[in-house]
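These are the residues of each chain, in order.
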Amino acid sequence: MHDAARILQLIVNGAASGCIYGLIALGFVLIYKATEMVNFAQGDVMMLGGFAAFTLIAHFHLPYWVGGILAIVITAALGYALDALIIRRVIGQPQFAVVMLTLGLGFIFRAGAGIAWGYDSVGFETPFTNKTIDIGGLILGEDSVSIIAGTVLLCGVLYLFFSRTRVGVAMQAASQNQLAAYYMGIPVRTIFSLIWAISAGVACLAGILLSPISMIDVNMGSLGIKAFAAAVIGGFGSIPGSVIGGVIVGIVEQFAGYKLPAGFQEVSSNIVLLLMLFVRPQGLFAERMGKRV
Amino acid sequence: MTEPILRVDSIETFYGPIQAIRGVSLDVDRGQIVTVLGANGAGKTSVLRTVSGVLDPERGRVLFEGRDIARMPPDQVMRLGMCHVPEGREIFPFLTVRENLNMGAYTRRDPAGVTRDIELCFEYFPRLKERESQRAGLLSGGEQQMLAIGRALMGNPRLLLLDEPSLGLSPLLVQQIFGIIRRINREQNVSILLVEQNAHLALQTADFGYVLEVGRVVASGDCETLLRRADIQEFYLGQKEAGARGTRRWKKKRLWN
Ligand SMILES: Nc1ncnc2c1ncn2[C@@H]1O[C@H](COP(=O)(O)OP(=O)(O)OP(=O)(O)O)[C@@H](O)[C@H]1O
Ligand SMILES: [Mg+2]
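Keep in mind it's a predicted model, so treat the numbers as computed, not measured.

**Q** How would you explain the coordination of the magnesium ion (ligand 2) if you had to name every residue and give the values?
**A** Residues and elements named next belong to chain B. Bound to the magnesium ion (ligand 2) on the protein side are Thr-45 (OG1) and Glu-87 (OE), at distances that span 1.8 to 2.4 Å. Here Glu-87 lies in the loop between strand S6 (82-85) and helix H3 (97-104) and Thr-45 lies in helix H1 (residues 44-52), a separation of 42 residues in the sequence. Its relative accessible area of 14% is what places Thr-45 among the buried residues.

Next up, the structure:
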């Protein structure tokens, strides 16, 4: 009985950190699907979002919800500007130019954050910090539950946005066939910048949701590597795929930490990724049709 | 004479160092169907791309309703009332048929009109109605061509650019689609610039024709006149055997690729 509770606990904790990976992975995937670029600065954008929320909530004493939403808006605006001012210029250049550019941006973000906020870990009070809820005898941390609930909610909102709104469907259209989207009068560049904005906003949300269980610091963006594994496991193509990939990585990590010798926890995401690449290289949710039919 | 809806004035277009268009001029009068014929690699697609703004001409002008649009991006050209049905259809494979049609109407702000025009598309292409909520990537080639034409119509164009609508379709389906192209031209009063390799059918459908060879216009005239011209019959209508010139060009193209 005790053991079953422990295992459930591990699953919930793993799912919670997995949701964070999933949210960052989602940002990778949205941008990749639209522009065939991988934004290696995605984790660092989460870090900036976390610091933005920290400043608004801990320094300016804004209520958690107001500060959080404001931070998401600010980070989304940063994502938009990043694409409109910088990324757009390397479209059509070789892949490595894009890789170097986003890696370099990551360095700049970390250095900038170090200058602005220092290198110490910081945190802020959230409504979920150090609280538990009791679900039928199972005691869970509200922080974990809030992460899972927030992720599920966000996925629902994104699903409705991409399938029901005109701009959302146009984002899908521009991702599937850029030239045809131009022919339809869709302002493709603006649409791509908006996708960068959404990815950045989602990364910021990940940073905010993460803050009750982990401090914010300049190097938190290294989570991006695990998120990248999550994206590949999910097939690098679908929103549910990314989140499920993230949850798999998160849960495996928890169990590796619990059962296996020290050290395995850190590398477990890479091991899962390697196994995945051997067994099913296209990922769990690879789309059956190619990008162009 | 009123001004033509489209006037292409000695355009020259390059792909990097390769010159695809070497000074092409053509007019489309209001209400007309004008066809551009030519062998593979003659530059037909490049002309349409230059007109709709995907390619910028190095020299020359493209006047749409009197306005120079030569260096305008394609989404803005479309907003002026010109829709392009590209070579190879270029539908959105993961969107449903209806979503594809809705994307064609992306720039419009009249939902009632959009709903009405979707019905109109379904009237022209009943097959699309049957597959309304199916992913467009699962349609047959012919159905995708119908969808591409319908999607362009959703933008309420005054000028429609059609790039080889017959490509890869059965003769029967080609006849059907060309019938509908004629109907669209008459009933919706849409002027059409039609690029085709199927010269016979194109000349029967259109009012005026241009023949393109290696980036230049080498012949033009009323379609009836063109249909009777001996050299055109020889090279494009397959009246005599395919001809040494055609074969040679084909080989040349193969070498370059
Ligand atoms: N993207 C490109 N890059 C470089 N050269 C190109 C490109 N597209 C076309 N060309 C060249 O431009 C010339 C004209 O090509 P275009 O596609 O306009 O011919 P076309 O008449 O449409 O031929 P087809 O009947 O085969 O469609 C050809 O020599 C072709 O090789
Ligand atoms: Mg062509």
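Let's pick the thread back up.
**Q** Describe the side chain of Asp-44 of chain A, listing the residues and the values that go with them.
**A** All names here are of chain A. Among the secondary structure elements, Asp-44 is positioned in helix H2 (residues 42-59). A relative accessible area of 3% places Asp-44 in the buried class. Not counting chain neighbours up to four residues away, the residues in contact with Asp-44 comprise Gly-106, Phe-109, Arg-110 and Gly-221.

**Q** Mind laying out the sheet that holds strand S9 (residues 208-213) of chain B, listing which residues take part and the relevant values?
**A** Residues and elements named next belong to chain B. A sheet is described by the order of its strands in space; here six strands give the open sequence S6-S7-S8-S3-S9-S10, paired in mixed fashion. Looking along the sheet, the strands with just one partner apiece sit at the ends: S6 and strand S10 (216-222). Direction aside, the axes of adjacent strands within the sheet are offset by 15° on average. In this structure, S9 lies alongside S10, joined through six bridges in antiparallel fashion. Within S10, the residue paired with Glu-213 across the bridge is Arg-216. Sheet strands in contact with H1 are strand S3 (33-38), S6, strand S7 (159-163), strand S8 (191-196) and S9, and its direction is about 150° off that of S7. In the packing of helix H7 (residues 171-187) onto the sheet, contacts are made with S3, S7 and S8, and the angle to S8 comes to roughly 155°.

**Q** Outline the pairing of strand S1 (residues 132-135) of chain A, listing residues and values.
**A** All names here are of chain A. Sheet topology places S1 next to strand S2 (residues 138-141); four bridges connect them, and they run antiparallel. Along S2, the bridge assignment pairs Ile-133 with Leu-140. Counted along the chain from S1 to the antiparallel partner S2, the turn is two residues long, and its residue Gly-136 has a positive phi close to 55°.

**Q** Which residues make up the interface of chain A and chain B, and what values do they have?
**A** Bring the parts together and some accessible area is lost; that lost area is often taken as the interface size. Between chain A and chain B, the contact holds 25 residues from the first and 26 residues from the second. Taking both partners together, chain A and chain B bury about 2400 Å²; carbon and sulfur atoms supply 66% of that area. Summed over the shared surface of chain A and chain B, the number is zero salt bridges. In this assembly, chain A and chain B are joined by four residue pairs in polar contact (both at pLDDT 80 or more). Breaking the side of chain A that touches chain B down by element, the ones donating at least two residues are helix H6 (166-176) and helix H7 (178-183) of chain A. No other element matches the seven residues that H6 of chain A contributes to the side of chain A that touches chain B. Class assignment of the residues belonging to the side of chain A that touches chain B gives a composition of 15 nonpolar, six polar and four charged.

The rules behind each value
Residues numbered from 1 in each chain as written. Chains lettered and ligands numbered in written order. Predicted model: local features only at pLDDT ≥ 70, side-chain atom pairs only at ≥ 80, totals over all residues. Heavy atoms only, no water. Donors = N, O, S within 2.8 Å, 3.2 Å for Na, K, Ca; no water. Helix = DSSP H or I, 4+ residues; strand = E, 2+ residues; numbered from the N terminus. Buried < 20%, exposed > 50% of the residue type's maximum accessible area, 1.4 Å probe, protein only. Contact = heavy atoms within 4.5 Å. Pairing = 2+ DSSP bridges. Axes fitted to C-alpha atoms, helices over the stretch in contact; angles between N-to-C directions. Buried area = accessible area lost by both parts, 1.4 Å probe. Salt bridge = Lys/Arg side-chain N within 4 Å of Asp/Glu carboxyl O. Polar contact = N/O pair within 3.5 Å; in protein donor to acceptor, adjacent residues only side chain to side chain. Nonpolar A, V, L, I, M, F, W, Y, C, P; charged D, E, K, R; others polar.

The values are spatial; any link to function lies outside them.
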